[in-house]
Amino acid sequence: MSDKKFKVQVVTPSGVVLDREVEEIIAPGIMGEFGVLIGHTPMLTFIKPGIFSYLENDKFFKFAVGSGFCEVLKDAVSILVDAAAKAEDIDINEAKAELQALEQQLAQIDPAADPVALKAVSDKVKLAQVKVGLAS
Amino acid sequence: MANLLDIRKRIASVKNTQKITNAMKMVSAARLRRAEEAIKSARPFADKMREVLSSLAARVNPSVHPLLQVREPKKILLVQITADRGLCGAFNTSLNRRAEVFFKEMIGKGLQVGMINVGRKGNDYFRRRNVEIIDKYVNVMGSVSYELAGQVVSSATEKFISGEYDEVYLLYNSFRTAVTQVLTLRKLLPVSAEGEELKRRREYLYEPSEDELLTAILPRYVQVQIYTGLLDSVASEHGARMTAMEAATTNAEEMIHKLTLKLNRLRQESITTELMEIVGGAEALKG
């Protein structure tokens, strides 16, 4: 199996979240989910908030990721996102509270006046939704 | 003797000061460790970002994105990152002085200047001077976050894209080691891929298109630059404060030593005089 493995890194501004040798990944790309196996064509694409998962020793592990982008090389994948959280580390109550707070924040933003903030907060809301979904 | 009492009071007061400076040193040392970790964990992200951006920027026409647009400079914006608090040696003063030199230079070229202040000390300094402060973020250095960097970026890019300012610079103390900080001034906007080595250029499949990717990556790139700048500044601040407080503690120690010597000498002198007086008196009585 080991010859089929490739390196995957998930990096956020607060540090490297994941750095492992895996067999397969599935990432939430802007044009739909995509899977990567070893030997994939080099590619650069966006990541939208969603579930990123990787296969290691025939088991899937899941992460909630925020928006960012992804660089795929033949033998390595780097995922650069604003935020990421491992499924097992997510506390359901915390995630719910976070989602609620963010939804309130979102409701207060005037979409016409501040489109940048709207985008930023709605991205966070989506990430929080993913987190709640993963934890429950 | 009043003089003896004075010196005792001085010693007590210096000892108290020493306790404070020593405590501040310890606090800074602890915070420095955390800040150092934060900057180290942020660097991979920043490096990767730069790598991807430079390979992208090389393939794309600069006119596709407003953040890449080079204009004839008329108004210059400086984003300065200082500390919120003092007692950290020349940390803030050297930043403020450098900023002032920069402004003079630019005004000398006939350009107009404005600034965004992050950190209270820089803002306090320039508030009373003849510089237009278009935005300020004070008392934020205790909890630096990626979001904070985002706020700073959006107020800077807004001014740049609207054409109000034609160039944006960033001034901060960059962290090297606990005792060395390097004053860093660099151009933030327009973003240029020049200077970034393109040896790692690769052929990619771009999805969606190069232009769209660039549009999304550029603002993030600027945000990461400010974010690492903030983290650098925080780590430098703690380093500078630690060094300054260490020096202050040593100085206090030296002062206590000197004062104690002086005190002992004075005490001895007064005892000698008293003895002489007693002996003299006894001799006179023997008569």
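Computed from a predicted model, the values in this text were never measured in an experiment.

**Q** Summarise the side chain of B:Asn123; cite the residues concerned and give the values.
**A** Relative to the helices and strands, B:Asn123 resides in helix α3 (residues 120-127). Beyond its immediate stretch of four places on either side in the chain, B:Asn123 contacts B:Asn117, B:Ile133, B:Lys136 and B:Val138.

**Q** Give me the lowdown on the interface of chain B and chain A, citing residues and values where you can.
**A** Facing the 24 residues of chain B at the interface are 24 residues of chain A. Here chain B and chain A share an interface that buries about 2100 Å² over both sides, 70% of which is from carbon and sulfur atoms. Looking only at chain B, the three residues that lose the most surface to chain A are B:Phe45, B:Glu207 and B:Arg220, adding up to 28% of its buried area. Put simply, chain B and chain A have 3 salt bridges between them. Applying the counting criterion to the chain B and chain A interface returns 6 residue pairs in polar contact (both at pLDDT 80 or more). Residue assignment for the side of chain B that touches chain A shows that the elements contributing at least two residues are α1 (2-57), α4 (146-161), β6 (205-207) and α5 (210-286) of chain B.

**Q** An account of the domain arrangement of chain A is requested, with residue identities and associated values reported.
**A** Residue and element names in this part refer to chain A. Per the domain assignment, the segments making up chain A are domain 1 (2-87) and domain 2 (90-135). Each of domain 1 and domain 2 has a C-alpha centre, and the two are 23 Å apart. Listed per partner, the contact involves 13 residues of domain 1 and 7 residues of domain 2. For the domain 1 and domain 2 pair, buried surface summed over both sides reaches about 760 Å², with 77% attributable to carbon and sulfur atoms. Three residues, Pro49, Ala64 and Ala87, lead the burial of domain 1 against domain 2; their summed loss comes to 51% of the area buried on that side. For the side of domain 1 that touches domain 2, the elements supplying multiple residues, two or more each, are β6 (50-56), β7 (59-65) and β10 (84-86). Sort the elements by how many residues they give to the side of domain 1 that touches domain 2 and β7 lands first, with 4 residues.

**Q** Outline the pairing of strand β2 (residues 112-118) of chain B, listing residues and values.
**A** All names here are of chain B. A large share of β2 lies buried, amounting to 6 of its 7 residues. For the crossover that starts at strand β1 (residues 75-81), traverses helix α2 (residues 91-108) and ends in the parallel β2, the hand is right-handed. The pairing of β2 with strand β3 (residues 132-137) spans 5 bridges and is parallel. From the neighbouring strand, Asn117 faces β3, where its bridge partner is Lys136.

**Q** Give a detailed account of the environment of B:Arg31, specifying residues and quantitative values.
**A** Residue and element names in this part refer to chain B. Looking at the secondary structure, you find Arg31 in helix α1. Residue classification places Arg31 among the partly exposed positions, given a relative accessible area of 36%. Along the chain, Arg31 and Leu5 lie 26 residues apart, while their C-alpha atoms are 39 Å from each other. Ignoring sequence-local partners within four residues, the contact set of Arg31 consists of Arg85 and His238.

**Q** Residues and numbers for the UniProt feature "domain: ATP synthase F1 complex delta/epsilon subunit N-terminal" (unreviewed entry) in chain A, please.
**A** Mapped onto this structure's residue numbering, the UniProt feature "domain: ATP synthase F1 complex delta/epsilon subunit N-terminal" (unreviewed entry) falls at residues 6-84 of chain A. Annotation note: span residues 6-84 of chain A, helix share 0%, strand share 72%, distance between end C-alpha atoms 20 Å.

**Q** Describe in detail the UniProt feature "coiled-coil region" (unreviewed entry) in chain A, supporting the description with residues and values.
**A** Annotation from UniProt places "coiled-coil region" (unreviewed entry) at residues 85-112 of chain A. For residues 85-112 of chain A, the helix share is 61%, the strand share is 7%, and the end-to-end C-alpha distance is 31 Å.

**Q** I'd like a rundown of helix α1 (residues 92-108) of chain A, residues and numbers included.
**A** Residues and elements named next belong to chain A. Taking 1.5 Å per residue as the helical rise, α1 with its 17 residues ought to reach 24 Å, and the 25 Å between its terminal C-alpha atoms agrees with that figure. All buried positions along α1 are accounted for by Ala95, Leu99 and Leu102. For α1, the arc enclosing every buried residue in end-on projection is 75°, short of the 170-degree limit, so these residues lie on one face. Exposed side chains of α1 directed beyond 90 degrees from the buried face belong to Asn93, Glu94, Gln100, Gln104, Ala107 and Gln108.

**Q** Please provide a residue-by-residue account of the nonpolar core, values included.
**A** A:Leu44, A:Phe69, B:Leu56, B:Val118, B:Val168, B:Val191 and B:Leu230 are the most contacted members of the largest nonpolar core, which totals 59 residues. For this core, the secondary-structure elements that each account for two or more residues are β5 (43-47) of chain A together with α1, β1, β2, α4, β4 (167-177), β5 (180-189) and α5 of chain B. Top element by residues in this core is α5(B). It accounts for 14 residues. With near-sequence residues (within four places) excluded, A:Leu44 lies in contact with A:Phe69, A:Cys70, A:Glu71, B:Val52, B:Leu56, B:Tyr204, B:Leu205, B:Tyr206, B:Glu207 and B:Leu213. Counting residues in hydrophobic clusters, the runner-up holds 20 residues, among them A:Val10, A:Val36, A:Met43 and A:Ile47.

**Q** I'd like to hear about unusual backbone geometry, residue by residue, with values.
**A** Residues and elements named next belong to chain B. A cis geometry characterises the amide bond from Leu189 onward to Pro190, with omega recorded as -5°. The phi angle at Asn139 is positive, at roughly 55°, despite the residue not being glycine. Secondary-structure assignment places Asn139 in the loop between β3 and α4.

**Q** Break down the sheet that holds β5(B) for me, with residues and values.
**A** All names here are of chain B. Pairing within the open sheet is mixed, and its 5 strands lie in the order β3-β2-β1-β4-β5. With partners counted over all chains shown, the strands left at the sheet margins are β3 and β5, one partner each. Across this sheet, the average inter-strand angle for adjacent strands is 20°, counted without regard to direction.

**Q** With reference to specific residues and values, describe a nonpolar patch on the surface.
**A** Taken together, the side chains of B:Ile271, B:Leu275 and B:Val279 define a hydrophobic patch exposed on the protein surface, amounting to about 260 Å² of accessible area. With respect to the helices, strands and loops of the structure, B:Val279 is situated in helix α5.

Cut-offs applied
- Residues numbered from 1 in each chain as written.
- Chains lettered and ligands numbered in written order.
- Predicted model: local features only at pLDDT ≥ 70, side-chain atom pairs only at ≥ 80, totals over all residues.
- Heavy atoms only, no water.
- Helix = DSSP H or I, 4+ residues; strand = E, 2+ residues; numbered from the N terminus.
- Contact = heavy atoms within 4.5 Å.
- Buried area = accessible area lost by both parts, 1.4 Å probe.
- Salt bridge = Lys/Arg side-chain N within 4 Å of Asp/Glu carboxyl O.
- Polar contact = N/O pair within 3.5 Å; in protein donor to acceptor, adjacent residues only side chain to side chain.
- Domains from an automatic or database assignment.
- Buried < 20%, exposed > 50% of the residue type's maximum accessible area, 1.4 Å probe, protein only.
- Right-handed = clockwise from strand over helix to strand, strands pointing away.
- Pairing = 2+ DSSP bridges.
- UniProt positions renumbered as here; feature names shortened; annotations may be inferred.
- Expected span 1.5 Å × (residues − 1).
- Arc of directions from axis to C-beta.
- Core = buried A, V, L, I, M, F, W, Y, C linked by side-chain atoms within 4.5 Å.
- Axes fitted to C-alpha atoms, helices over the stretch in contact; angles between N-to-C directions.
- Patch = residues over 30% accessible without salt bridge, like charges linked within 9 Å, V, L, I, M, F, W, Y side chains within 5 Å.
- Areas by Shrake-Rupley, 256 points an atom, 1.4 Å probe, with all protein chains shown as cover.

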